[in-house]
Amino acid sequence: MHKLSWLTVLFLATVHVASVTVEEPQTVLDIPIAGQTITVEEPQTVSDIPIAGQTINDEPSGKWYKFNSTIERVAVIGAGPAGLQAAATFVKHNFTVRLFDRAPGPGGNWLYSDEIPVRESYPDAPAVEEHWIPEELPASEYYNEGDDDLTLDSRWREHWQPRSIWDSLHTNSPAVITELPDVPYPPDHSWVISAHTIGAHVRAYASIHNLNANDNSSVHSYSTRVEKLSKRPDGNGWTLTLKHLKKLEEPDRLKATWWTEDFDAVFVAPGPYTSPHVPEIDGLLQWSNVRAVDDPSLFSVYHSRVYRRPERYTGKTVLVIGVGTSGSEIARDIAPVAKKIYASHKEYADWDTLHPFQRRSFRRFPDETEFVPKISHFESLSSLDNGIKDGKIVLVNGTVLENIDEVILATGYKRSNPFHLSVLNQTFGAESLEAPPPSDVFTGPALKYVHWTGHFIPDPTLAFSTIRPWTAGQYQYYGQAKVWEGTAHLPNEAGLWAQYNSTRYTFFRGLFGTAPSEAIVRQYVTWLNNESLENGGRLVSPWPVQNREVFAYYANQEWEKDYLSKENFTKFENIPDRQWTQKDIWDISVFEDDSW
Ligand SMILES: Cc1cc2nc3c(=O)[nH]c(=O)nc-3n(C[C@H](O)[C@H](O)[C@H](O)COP(=O)(O)OP(=O)(O)OC[C@H]3O[C@@H](n4cnc5c(N)ncnc54)[C@H](O)[C@@H]3O)c2cc1C
Ligand SMILES: NC(=O)c1ccc[n+]([C@@H]2O[C@H](COP(=O)([O-])OP(=O)(O)OC[C@H]3O[C@@H](n4cnc5c(N)ncnc54)[C@H](OP(=O)(O)O)[C@@H]3O)[C@@H](O)[C@H]2O)c1
């Protein structure tokens, strides 16, 4: 079989493959597609990338990337929908797998708990948490109630970080795109799924793959936080520094154990929403220290990730800051009991330019909400002992809000991956962190120096979850297993950089059903099947077309009428490729609409 070149596969995959004739490109710069030539941005040469003061080897060692040694031991960080699927896939491919999660069980974001995370930092903290690690490892310590002025409960919650979901939360994505393989929801399930149902669904997936907390397996290690990910001194493989926390009952105390484990390869999936974003607003720091009058164990200002149930807001006037999904859904939840709800939002140019998700959030706020502009500052309180009710909140238009009992910061998350930042720092130095981290699943830039397959280009023994785990994750994790076992190739380092620089499909972009997100699935299916035919392995199918149909109904009804238009799906299928304009090809293959 004629083996397609990497770039050819890439472009074939993104331009509705079958009828396009593609010749082998002469150079990465001139890529002939359907009789036209598309010139892509000149790739950054490998030797331009400084690593810790050196330059990396720019001698191509052949067409494909070659690993220094066989990969046998693989670590997975995170047991959410991404990490669980990756771990199950790697086990199936006969790697020796270790799966670590700081939480006491699988589920990731969907592991509901009445416990709440320890208080977020005021002012905002950096995305990379620094934890104390004993100098000599392995090591253990015991903690009693009140040691170092900390309760056992707060140590426990700090370790595992209870999730941001609340009791009544339902998905804002339909079941058809929020489902793991192998464990279908019951046939009469609703459009959207409750957090409790989805939690059970993810646990069921873990169970059938022997990854649940009570499964007797050497693979998983729960209540185990990965404190550090570092390259081994000999340059081959990675060392994970781990901390396990265990509740001991007699006497009531905690045991912490630290140790290290070495791996040939690591897959990183700590979740997209690990650290809350606390906005910088004058006076917020002082207000954040004020205890609630009705319950001095609580504060009156919290980030939305702490929200669990509406009761606490009964009869109160609540200011919700931020009008994304957390803001609108929490406002709906508390509306039946709250006395009054204000929602503060940034100034947006006009309704039409808002992202459809943002429009949906505005629409979903309860009718009684009073929308107000952004906050200018919180006026200084004369006393910290009487709650915040007597305080004044000044808005950017000069209006003053008074008599507020509670403030909920529904201001989102930092959207940065702490392991990615730390590896960038170790590899390239602090200046590599200057670029802003991904801001949003839909609009953020790719993880820096990460190939579309999730591999970290300077060292592809490290891979990240960069794709929506429910829908396309299965392709990414299968691809990573194939690359590490040698049944799929990555291009050599120069080729990896060339692809990184010449396509923006290095990450999930656009929502399922739209051209960009379909393109990445096509890209995976084409690549994986091509590699399996050449090197062995099962073939994969594209996403079932009936799922797309169900999703289209949901999206049109729930998000936006005509959100998924006929044109969105069929434009390119109905026009013979010879009639495609250069802009059409551009739209569907390389560049997507900037507003998405
Ligand atoms: C409030 C809220 C509502 C959401 N609603 C939806 C929805 O309706 N539909 C939808 O599709 N998505 C929703 N999401 C997005 C959600 O993140 C994804 O559905 C999905 O859970 C992502 O899977 P993941 O495996 O990548 O990450 P996660 O599910 O977040 O799992 C990551 C895991 O990594 C672990 N981890 C992190 N750091 C470490 C460490 N240092 N050591 C060990 N383990 C670590 C965490 O404990 C966690 O278990 C929502 C997110 C939030 C915050
Ligand atoms: N299933 C569900 O129902 C559900 C519930 C909650 C969350 N989620 C998911 O979880 C993820 C996070 O959602 P999220 O709502 O927590 O975060 P988000 O989508 O990032 O929304 C945060 C909002 O806060 C605004 N904001 C930030 N600083 C502000 C300030 N100083 N003043 C006023 N507004 C400010 C942001 O505005 P800008 O964007 O303009 O900066 C944004 O609208 C999303 O993927 C969401 O879909 C799902």
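Residues numbered from 1 in each chain as written. Chains lettered and ligands numbered in written order. Predicted model: local features only at pLDDT ≥ 70, side-chain atom pairs only at ≥ 80, totals over all residues. Heavy atoms only, no water.

- An unreviewed UniProt entry annotates the protein chain as FAD/NAD-P-binding domain-containing protein originating from Lentinula lateritia.
- UniProt, in its Sequence similarities (unreviewed entry) section for the protein chain, records the words "Belongs to the FMO family." (UniProt positions renumbered as here; feature names shortened; annotations may be inferred.)

### A word on the site of ligand 2
Thinking step 1. Within the structure, ligand 2 sits among 22 residues, and His170, Tyr273, Ser326, Lys346 and Tyr348 are positioned closest to it.
Thinking step 2. His170 has a polar backbone atom sitting 2.8 Å from a nitrogen atom of ligand 2.
Thinking step 3. Surface burial for ligand 2 is 78%, taken as the share of its 910 Å² of free accessible area covered by protein chains.
Thinking step 4. Examining the composition of the shell around ligand 2, we find that three residues originate from one element, helix α6 (residues 325–334), more than from any other. (Near = heavy atom within 4 Å. Polar contact = N/O pair within 3.5 Å; in protein donor to acceptor, adjacent residues only side chain to side chain. Areas by Shrake-Rupley, 256 points an atom, 1.4 Å probe, with all protein chains shown as cover. Helix = DSSP H or I, 4+ residues; strand = E, 2+ residues; numbered from the N terminus.)

### Observations regarding the pattern of salt bridges
Thinking step 1. Counted by the stated rule, this structure contains 21 salt bridges.
Thinking step 2. Close ionic contact of Asp234 with Arg232 constitutes a salt bridge, the shortest N to O distance being 3.7 Å.
Thinking step 3. Among the ionic pairs, Glu406 bridges to Arg312, the shortest N-O distance being 3.1 Å. Placement of Glu406 in strand β20 (residues 406–409) and of Arg312 in the loop between β13 (301–303) and β14 (317–321) is noted, with a sequence separation of 94 residues between them.
Thinking step 4. When its relative accessible area of 2% is taken as the criterion, Glu406 is described as buried.
Thinking step 5. Each member of the salt-bridge network shares a partner with another, and the members are Asp294, Arg312, Lys316 and Glu406. (Salt bridge = Lys/Arg side-chain N within 4 Å of Asp/Glu carboxyl O. Buried < 20%, exposed > 50% of the residue type's maximum accessible area, 1.4 Å probe, protein only.)

### Here we look at the side chain of Asn417
Thinking step 1. Mapped onto the elements, Asn417 comes out in the loop between β20 and α8 (418–428).
Thinking step 2. A distance of 3.0 Å separates a polar atom in the side chain of Asn417 from the backbone nitrogen of Phe419.
Thinking step 3. Ignoring anything within four residues of it in the chain, the contact list for Asn417 reads Val268, Pro270 and Phe464. (Contact = heavy atoms within 4.5 Å.)

### Examining the sheet that holds strand β17 (residues 375–378)
Thinking step 1. A sheet is described by the order of its strands in space; here three strands give the open sequence β17-β18-β19, paired in antiparallel fashion. If you trace the sheet from one side to the other, it starts and ends with β17 and β19 (400–401), each paired once.
Thinking step 2. Across three bridges, the pairing between β17 and strand β18 (residues 393–395) is antiparallel. Opposite Phe378, over in β18, you have Ile393 as the bridge partner. (Pairing = 2+ DSSP bridges.)

### A closer look at the confidence of the model for the protein chain
Thinking step 1. Averaged over all residues, the pLDDT of the protein chain equals 83, while 79% of them reach at least 70.
Thinking step 2. Contacts for the low-pLDDT stretch residues 504–509, under 50 throughout, to residues beyond four places or in other chains number 41 contacts. (pLDDT = per-residue confidence, 0-100.)

### Focus: the side chain of Arg98
Thinking step 1. Its location among the elements puts Arg98 in strand β6 (residues 96–100).
Thinking step 2. One polar contact links the side chain of Arg98 to the main-chain carbonyl oxygen of Ser218, over a distance of 3.0 Å.
Thinking step 3. At 2.8 Å, the side chain of Arg98 and the side chain of Glu261 are in polar contact.
Thinking step 4. Apart from the residues lying within four places of it in its own chain, the contact partners of Arg98 are Arg73, Val74, Ala75, Val76, Ser218, Val219, His220, Ser221, Trp259, Glu261 and Phe263.

### Quick look at α6
Thinking step 1. For α6, a buried count of seven out of 10 residues is recorded, marking the element as mostly surrounded by other parts of the structure.
Thinking step 2. Taken residue by residue, α6 has Gly327, Ser328, Glu329, Ile330, Ala331, Asp333 and Ile334 as its buried positions.
Thinking step 3. Contacts from the buried residues of α6 go to β14, β15 (340–344), α7 (356–364) and β20.

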